[in-house]
Amino acid sequence: MSPTAKPSPSRAAESIAAWRVDPQVVAVELVDVSFSYDVRPVLRGITMTIPRGKIVAIMGGSGCGKTTILRLIGGQLRPQSGQVRVGGLSVPDLEPDALYDLRRKYGMLFQFGALFTDMSVFENIAFPMREHTELPEELIRDLVLMKLQAVGLRGAAYLMPAELSGGMARRVALARAIALDPMLVMYDEPFAGLDPISLGIIGQLIRRLNDALSITSVVVTHDVYESLKIVDYLYFVSEGRIVASGTPAEVRASSDPFVRQFVDGAPDGPVPFHYPASSYREELFADVD
Amino acid sequence: MSTEVAAGIAYWLRRLGGAVTGAVGQLGYASRFLLAVLWHTPDAFRRIHLTLREIYFAGVLSLVVILMSGLFVGMVLSLQGYETLKRYGADEQLGYVVALALVRELGPVIAGLLFASRAGSAITAEIGLMKTTEQLAAMEMMAVDPVARVVAPRFWGGVISMPLLAALFSAFGIFGGYIVGVRLIGIDSGAFWGQMHAGVDFWPDVTNGIIKSFAFGAAVSLIAVFEGYDAKPTAEGVASATTRTVVVSSLAILALDFVLTVFMFRGAKLV
């Protein structure tokens, strides 16, 4: 199938099935992708490959377009140019039904969990099962408890989201993301705002679940230290372009100025400390009407 | 004409044009949104527990404010009506006047305004906050359409609740009118109910009130869900969407009331 052909829902389902059994199919592929919000360019010619079964981190400063990449993979946004392929399917060309078929194979962890606040922890995890399967309630109960056990929160099954700490909410959201045994899990800033213990727990869970369930993971983050411990490959994005990439060992040894600034946490460098502005002297001494 | 004046006029014309095209675009978006909601109506009724839950939140939880307001409006109407009717020696017509004013006009309109303030604003704030906290995006990524799961049940919950609330408002208003007119002022109870029974017809008086309340319920519910869904995902965005829901709904109710009344009177004349 040509990458730009519009697959029908049934063909999409076939492709998704092929993705599960064919190890040669690349999980996610972005080819020369550009995207703008109105006239503001966010991504400029991004090309990246995410192999099956690996954890790949997309790193960069705030507002560099990391989350936009996830939204493009999820089909929530369409690129202005370039190709976004998941399991060999061209995501922007999918009809709505086919896109929804594909999304059933996704799991996504949002930055602050995005738990449904009117449902308990149990109901949150049961939600995708009830929406997409005809499983009996007894089986759903067992599956939910298994997912909660995997993230260590079986005891919190009947708490409401408002009663959870930030780290617990993130773990519940992770349990919900894997509720339907997805093939691809996307993590949007999974480490943001967590204490060191929760941060370590989430990092280990991402690695363990990825290996245990043979899924592919895309982690958007700016937490270098935690990412280097768990991911297989990293892409660095700055101003909408990929400026560096490599394995954790390559990144640690890299002398690339951007990578060094990012890894060392230097306030100034290729990413300037100051937002672009006119001359400081001119602005200070300018006449104010 | 100086260049500065011409530039000023051009600037204001551009702003006016921008505002008009923006409003037309928003209207088109709202129309498409309504079509999407109607398209997903079977989903709202297939998962009836979701719609029943919304009837509870929009309808049952609005009961106190609706019933209390109806009672007081009926009491005031009775007092004012008595003072006027007494001048013409027609004070026994009080029951008729109170009932007619309530079922035809005040019941649907005031219940609609209260519904917009209490339930409409709550629906907008809830959907807006779901958007802000990425709950709607999470649903989309789980291959669940938020319009089917979140919007359609709330829309139909509002549409179903509103006529019931308006009917209860009118009933409590009549009861309030009875307390003041019969119990406090001393109008004959038989005359109060008898005049009402003789003068108020189910068709067209009560039916017109029901039609109005359905129309107001649909308008308020649509505005509430649309504003919530379209809200900017920030605290300020949700706050201004909530305000817009109350303002636009109130104006829509009053404008719709005029249009519907014109058609209803015209229909009555033809009959």
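Because the structure is a prediction, the values reported are computed rather than measured.

Let us now look at the overall build of chain A. Looking only at helices and strands, one finds 11 helices and 10 strands in chain A. Residues classed as buried in chain A amount to 49% of the 289 residues present. The contacts of chain A with a sequence gap of at least 6 include a subset with a gap of at least 24, amounting to 66%. Across chain A, 28 positive and 34 negative side-chain charges occur, with their mean positions spaced 5 Å apart.

Our next topic: the sheet that holds strand β6 (residues 106-109) of chain A. All names here are of chain A. Ordered in space as β6-β7-β8-β3-β9-β10, the 6 strands form an open sheet in which the pairing is mixed. The strands lining the two open edges of the sheet, one partner per strand, are β6 and β10 (241-246). Direction aside, the axes of adjacent strands within the sheet are offset by 15° on average. For β6 and strand β7 (residues 184-188), the ladder comprises 4 bridges, and the chain directions are parallel. Note on β7: the bridge partner recorded for Y106 is L184.

Looking now at the pattern of salt bridges. All names here are of chain A. One pass over the full model with this rule turns up 22 salt bridges over all chains. For D181, the salt bridge identified is with K147, shortest N-O distance 2.8 Å. Of this pair, D181 sits in the loop between α6 (166-177) and β7 while K147 is found in helix α5 (residues 137-150), placing the two residues 34 residues apart along the sequence. What makes K147 buried here is its relative accessible area of 10%.

Residues and elements named next belong to chain A. Following the sequence through the fold, T216 ends up in strand β8 (residues 216-221). Relative accessible area serves as the criterion here: at 2%, T216 is assigned to the buried category. Those residues in contact with T216, other than ones at most four positions away along the chain, are A27, I50, P51, R52, G53, K54, M183, L184, V185 and N210.

Before going further, it helps to spend a moment on the pairing of strand β1 (residues 28-37) of chain A. Residues and elements named next belong to chain A. In this structure, β1 lies alongside strand β2 (residues 40-50), joined through 7 bridges in antiparallel fashion. The residue bridging F35 from the neighbouring strand is L43, located in β2. Connecting β1 to the antiparallel partner β2 that follows it, the hairpin turn spans 2 residues, and D38 within it adopts a positive phi of roughly 55°. Where β1 lies against strand β4 (residues 81-86), 5 bridges are found, and the strand directions are antiparallel. Across the sheet, E29 pairs through a bridge with R85, a residue of β4.

What follows deals with the confidence of the model for chain A. Mean pLDDT over chain A stands at 86; residues scoring 70 or higher make up 91%. For residues 1-7 of chain A, every residue scores under 50 in pLDDT, and the model assigns this stretch 19 contacts once sequence neighbours within four places are set aside.

A separate point is the side chain of S69 of chain B. Residue and element names in this part refer to chain B. With respect to the secondary-structure elements, S69 resides in helix α4 (residues 63-87). Look at S69 and you get buried, because its relative accessible area is 18%. A polar side-chain atom of S69 sits 2.6 Å from the main-chain carbonyl oxygen of V65. Those residues in contact with S69 that sit more than four places away from it in its chain are L114 and F169.

All right, on to the pairing of β7 of chain A then. Residues and elements named next belong to chain A. Among the 5 residues in β7, 5 count as buried, and that is most of the element. Of the two faces of β7, the one holding L184, M186 and D188 and the one holding V185 and Y187 are both buried throughout. Of the crossover connections in this fold, the one passing from β7 over helix α7 (residues 196-213) to the parallel β8 is right-handed.

In this assembly, 22 residues from chain A lie in contact with 16 residues from chain B. In total, chain A and chain B occlude about 1700 Å² of area from one another, counting both sides; carbon and sulfur atoms represent 58% of this. The shortest N-O distance in the salt bridge between R71 of chain A and E134 of chain B comes to 3.4 Å. Linking chain A to chain B there are 8 residue pairs in polar contact (both at pLDDT 80 or more). Only α3 (96-103), β6 and α4 (121-132) of chain A provide two or more residues apiece to the side of chain A that touches chain B.

This paragraph deals with the sheet that holds β2 of chain A. Residues and elements named next belong to chain A. Strand order across the open sheet formed by 4 strands is β2-β1-β4-β5, with antiparallel pairing between neighbours. Strands at the two margins of the open sheet, each flanked by one partner only, are β2 and β5 (89-90). Along the sheet, helix α2 (residues 66-73) contacts β1, β2 and β4; its crossing angle with β1, the most-contacted strand, is approximately 115°.

Glancing now at the packing of aromatic side chains. If you walk through the whole model with that rule in mind, you get 17 aromatic pairs over all chains. Taking the centre distance of 5.3 Å and the plane angle of 70° together, the rings of Y29 of chain B and F226 of chain B count as edge-to-face. Taken together, the positions of Y29 of chain B in helix α1 (residues 3-39) and F226 of chain B in helix α9 (residues 202-230) put the pair 197 residues apart, joining distant regions of the chain. A relative accessible area of 7% places F226 of chain B in the buried class. Three or more aromatic residues joined by ring pairs form one cluster here, namely Y29, F33, F226 and Y229 of chain B. Over the ring of F116 of chain A we find R176 of chain A; its NZ or CZ atom is 4.7 Å from the centre of that ring.

What counts and what doesn't
- Residues numbered from 1 in each chain as written.
- Chains lettered and ligands numbered in written order.
- Predicted model: local features only at pLDDT ≥ 70, side-chain atom pairs only at ≥ 80, totals over all residues.
- Heavy atoms only, no water.
- Helix = DSSP H or I, 4+ residues; strand = E, 2+ residues; numbered from the N terminus.
- Buried < 20%, exposed > 50% of the residue type's maximum accessible area, 1.4 Å probe, protein only.
- Contact = heavy atoms within 4.5 Å.
- Lys, Arg positive; Asp, Glu negative; His and termini not counted.
- Charge placed at Lys NZ, Arg CZ, Asp CG, Glu CD.
- Pairing = 2+ DSSP bridges.
- Axes fitted to C-alpha atoms, helices over the stretch in contact; angles between N-to-C directions.
- Salt bridge = Lys/Arg side-chain N within 4 Å of Asp/Glu carboxyl O.
- pLDDT = per-residue confidence, 0-100.
- Polar contact = N/O pair within 3.5 Å; in protein donor to acceptor, adjacent residues only side chain to side chain.
- Right-handed = clockwise from strand over helix to strand, strands pointing away.
- Buried area = accessible area lost by both parts, 1.4 Å probe.
- Phe/Tyr/Trp six-rings, centres within 6.5 Å; stacked < 30°, edge-to-face > 60°.
- Lys NZ or Arg CZ within 6 Å of the ring centre and 35° of its normal.

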